[in-house]
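Coordinate analysis (summary)
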Amino acid sequence: MRLTSFTDFGLRALMRMASEPGRAFSTAELADEFELSRHHLTKIMATLAQAGIVITRRGGGGGARLGRPAEQISLGDIVRVLESDQALVNCFAADGGSCTISPHCRLRTRLGSAEAAFLAELDRSMLAEVALPALAPASMPAP
C-alpha cells in the first residue's frame, strides 16, 4: 500500500507535534522544518482538526496542538482520516468505482483483507511511539 503525500506530510507534522505535546505549532513553522507547502499543510491541519486529532487556534499565540495525548492517537486512526478520500483500488471508491470485472472479481475481498490488516497493524502503534526528538532550543545571541 502506498500512502499519499497528504498522509506522509500529516504524519511528519504530527510526529513533531508529539515531541512537545503541550505546545502549539504554527503551520509556517512545520512547513519550514519539513520543506512543505504551507498551503498544503494548512489543508492537512484542517482535516486533522475536523477529526479532533489536532486543535487549532488562529491569531497571536495560536497554532495547532494535539487534540488528545499522543499515547491515545493510533497511527491507524491518523491514516484512516488522511486517506479517507483515497480508495486503495477503484472498486473501493465510495461510488463503487467503474470496475468492468466486478461480478466475477475475486481480488476485491483479498485486497480488502490486506487493507484491513495494514490498518490493524498501524492501530497497534501510537503516535507517542514515533514522536521525533524535541528540537534543541534556538541559541540565544550573546549580550
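Parameters and conventions
Residues numbered from 1 in each chain as written. Predicted model: local features only at pLDDT ≥ 70, side-chain atom pairs only at ≥ 80, totals over all residues. Heavy atoms only, no water. Helix = DSSP H or I, 4+ residues; strand = E, 2+ residues; numbered from the N terminus. Contact = heavy atoms within 4.5 Å. Areas by Shrake-Rupley, 256 points an atom, 1.4 Å probe, with all protein chains shown as cover. pLDDT = per-residue confidence, 0-100. Buried < 20%, exposed > 50% of the residue type's maximum accessible area, 1.4 Å probe, protein only. Lys, Arg positive; Asp, Glu negative; His and termini not counted. Salt bridge = Lys/Arg side-chain N within 4 Å of Asp/Glu carboxyl O. Polar contact = N/O pair within 3.5 Å; in protein donor to acceptor, adjacent residues only side chain to side chain. Phe/Tyr/Trp six-rings, centres within 6.5 Å; stacked < 30°, edge-to-face > 60°. Lys NZ or Arg CZ within 6 Å of the ring centre and 35° of its normal. Pairing = 2+ DSSP bridges.

If you tally the helices and strands in the chain, you get five helices and two strands. The helix and strand sequence of the chain, counted from the amino end, reads α-α-α-β-β-α-α. Restricting the contact set of the chain to residue pairs at least 6 apart, pairs at least 24 apart contribute 65%. On the chain, roughly 9000 Å² of surface is accessible, and the fraction owed to carbon and sulfur atoms is 54%.

This paragraph deals with the confidence of the model for the chain. Mean pLDDT over the chain: 86, with 86% of residues reaching 70 or higher. When pLDDT is averaged over each element of the chain, helix α4 (residues 75-82) comes out on top at 96 and helix α5 (residues 107-123) at the bottom at 87.

Another aspect to go through is the side chain of glutamate 83. With respect to the secondary-structure elements, glutamate 83 resides in the loop between α4 and α5. It is arginine 2 that comes nearest to the buried, bridge-free glutamate 83 among opposite-charge side chains, at 8.9 Å. A polar contact is formed between the side chain of glutamate 83 and the side chain of threonine 4, at a distance of 2.7 Å. Once residues within four sequence positions are removed from consideration, glutamate 83 is found in contact with Leu3, Thr4 and Thr7.

So, on to α4. For α4, the tally of buried residues reaches six of eight residues, placing the bulk of the element in the interior. Taken together, the buried positions of α4 are occupied by Leu75, Gly76, Ile78, Val79, Val81 and Leu82.

If you walk through the whole model with that rule in mind, you get zero aromatic pairs. A cation over a ring is seen here: arginine 23 above phenylalanine 25, with NZ or CZ 4.2 Å from the ring centre.

What follows is about the pairing of strand β2 (residues 63-66). Sheet analysis places strand β1 (residues 54-57) next to β2, joined by four bridges and oriented antiparallel. If you follow isoleucine 55 over to β2, its bridge partner there is arginine 65. The turn linking β1 back onto β2 is made up of five residues, and glycine 59 within it adopts a positive phi angle of 90 degrees.

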